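Observations on chain architecture
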Amino acid sequence: MKPRSLTLPALAALTVLLGLAHLPAQAIGRLADVTIVDRDTGATLPVHYARGEYWVAGRPGARYAITVRNRLGERVLAVPSVDGVNVLSGETAAWDQRGYVFSPYERYQITGWRKSDSQVAAFEFSHIANSYAARTGRPAHVGVIGVALARCRPTVQNPAPAVTPEHNSQRRNNGLGLGRRREEPASPAAAGAAGAPAAPAPSAEAESSARSPSADSVAKAAPMPSAKLGTAHGQRETSVVTHTSFTRLQEQPNEIISIRYDSRENLIASGVIRERAPHAFPQ
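Please read these numbers as outputs of a predicted model, since none were measured by experiment.

Some remarks on the environment of Arg-236
Relative to the helices and strands, Arg-236 resides in strand 14 (residues 229–238). Along the backbone, Arg-236 and Trp-113 are 123 residues apart, and their C-alpha atoms lie at a distance of 9.2 Å. When near neighbours in sequence (up to four residues on either side) are disregarded, Arg-236 contacts Lys-115, Gln-119, Val-120 and Ala-121. Side-chain polar atoms of Arg-236 contact the side chain of Gln-119, separated by 3.3 Å.

Structure, rendered in structure tokens:
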């Protein structure tokens, strides 16, 4: 039986659908969309799924942001970690720590390590030895970005507010939160954790640990074309936060999102990103 041809409009639509089916994803999450953005280019990094994990390719020296968009019509607490370190407090990360509170459907970019209620140190892709985690003696989890999401308990103390930017952080069920003002021209922002301490500056002893066998063994675990990426402290940036309260719906997080990262060269070498040679009929 002779195969039927498609009309031009139908062929065009089918081509678009087939193309989209092979594009890497960009956003991850059910309660919130989480994306990683290269702040120097403005591009959202494609997310590659390999070996049961999500991956993005970073550029050494580039500043980046973790963009979170609340998909719910209620407040959500997002506890962010980078390289196994809590972004707000500098503590070794745990999902019941401080985070940012997002108002219904709010979108916000987390752009750096919080140093005070008014400043952050920009996230910057760098050599593992220069990463904040390695410089403070914690290189074991370099190369992973995490966001633990918690829904808000619907109580009198936690009424659903109007759709205005609001961030927060806290310990386990109660407490105040620490957040920061939007960097985008949008409605006024507020967020908070109860007096989140600034991430501690690396001591001389901690800095020397970046050259210790522990850090070197992580960097040399597998031969790669380039050094493993970590996240360093970039330049200080203004980022104002306010405080709010938040009560979690449950003790366990409602969702945990984990995204691993490394240089594009390393991800190609490890098979996470597969480059294909051009072909006239790739199908």
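Still to come is the rest of the account.
With respect to the packing of aromatic side chains
A complete count under the given rule lists nine aromatic pairs for this structure. For the ring pair Tyr-49 and Tyr-54, a centre distance of 5.0 Å and an interplane angle of 55° mean the geometry is tilted. Owing to a relative accessible area of 56%, Tyr-49 belongs among the exposed residues under this scheme. Ring geometry for Tyr-64 versus Phe-125: centroids 4.2 Å apart, planes at 15°, classification stacked. Of this pair, Tyr-64 sits in strand 4 (residues 64–70) while Phe-125 is found in strand 10 (residues 119–127), placing the two residues 61 residues apart along the sequence. As far as burial versus exposure is concerned, Tyr-64 and Phe-125 are alike and both buried. Put simply, the rings of Tyr-64, Trp-113, Phe-123, Phe-125, Tyr-132 and Tyr-261 pair up and form one aromatic cluster. In this structure, Lys-115 is placed above the aromatic ring of Tyr-132, and the distance from its NZ or CZ to the ring centre is 5.8 Å.

Description of the pairing of strand 4
For strand 4, the buried fraction is high: six of the seven residues fall into the buried class. Relative to strand 8 (residues 107–110), strand 4 runs antiparallel, the two being bridged by four bridges. Counted as the bridge partner of Val-68 is Tyr-108 from strand 8.

Details of the sheet that holds strand 8
Across the sheet, which stays open at both edges, the three strands sit in the order 1-4-8 with antiparallel pairing between neighbours. Lying at the two open borders of the sheet, with one neighbouring strand each, are strand 1 (32–38) and strand 8. With direction set aside, neighbouring strand axes in the sheet form an average angle of 20°.

A short note on the confidence of the model for the chain
Residue-level pLDDT values for the chain average 76, and 67% of them are 70 or greater. Averaged over each element, pLDDT in the chain is lowest for strand 13 (residues 192–193) (38) and highest for strand 11 (residues 144–151) (98). Here residues 5–23 is modelled with pLDDT under 50, and outside its nearest four sequence neighbours on either side it reaches two contacts, counting other chains as well. Below a pLDDT of 50 lies the segment residues 157–220, which in the model reaches 220 contacts outside its immediate sequence neighbourhood of four places, other chains included.

Let's talk about the side chain of Asn-266
By secondary structure assignment, the location of Asn-266 is in helix 5 (residues 264–269). You can call Asn-266 buried: its relative accessible area is 2%. Within polar-contact distance, the side chain of Asn-266 engages the side chain of Asp-262 at 3.1 Å. Beyond its immediate stretch of four places on either side in the chain, Asn-266 contacts Met-224, Pro-225, Ser-226, Ala-227 and Lys-228.

Description of the sheet that holds strand 10
Read across the sheet, three strands follow the order 9-10-14 without closing on themselves; strand pairing throughout is antiparallel. Only two strands of the sheet have a single partner each, and these edge strands are strand 9 (112–114) and strand 14. The average angle at which neighbouring strand axes cross in this sheet is 35°, direction not considered. Direction of pairing for strand 10 relative to strand 14: antiparallel, over a ladder of eight bridges. Bridging from a neighbouring strand, Val-120 pairs with Glu-237 of strand 14.

Calculation notes
- Residues numbered from 1 in each chain as written.
- Predicted model: local features only at pLDDT ≥ 70, side-chain atom pairs only at ≥ 80, totals over all residues.
- Heavy atoms only, no water.
- Helix = DSSP H or I, 4+ residues; strand = E, 2+ residues; numbered from the N terminus.
- Contact = heavy atoms within 4.5 Å.
- Polar contact = N/O pair within 3.5 Å; in protein donor to acceptor, adjacent residues only side chain to side chain.
- Phe/Tyr/Trp six-rings, centres within 6.5 Å; stacked < 30°, edge-to-face > 60°.
- Buried < 20%, exposed > 50% of the residue type's maximum accessible area, 1.4 Å probe, protein only.
- Lys NZ or Arg CZ within 6 Å of the ring centre and 35° of its normal.
- Pairing = 2+ DSSP bridges.
- Axes fitted to C-alpha atoms, helices over the stretch in contact; angles between N-to-C directions.
- pLDDT = per-residue confidence, 0-100.

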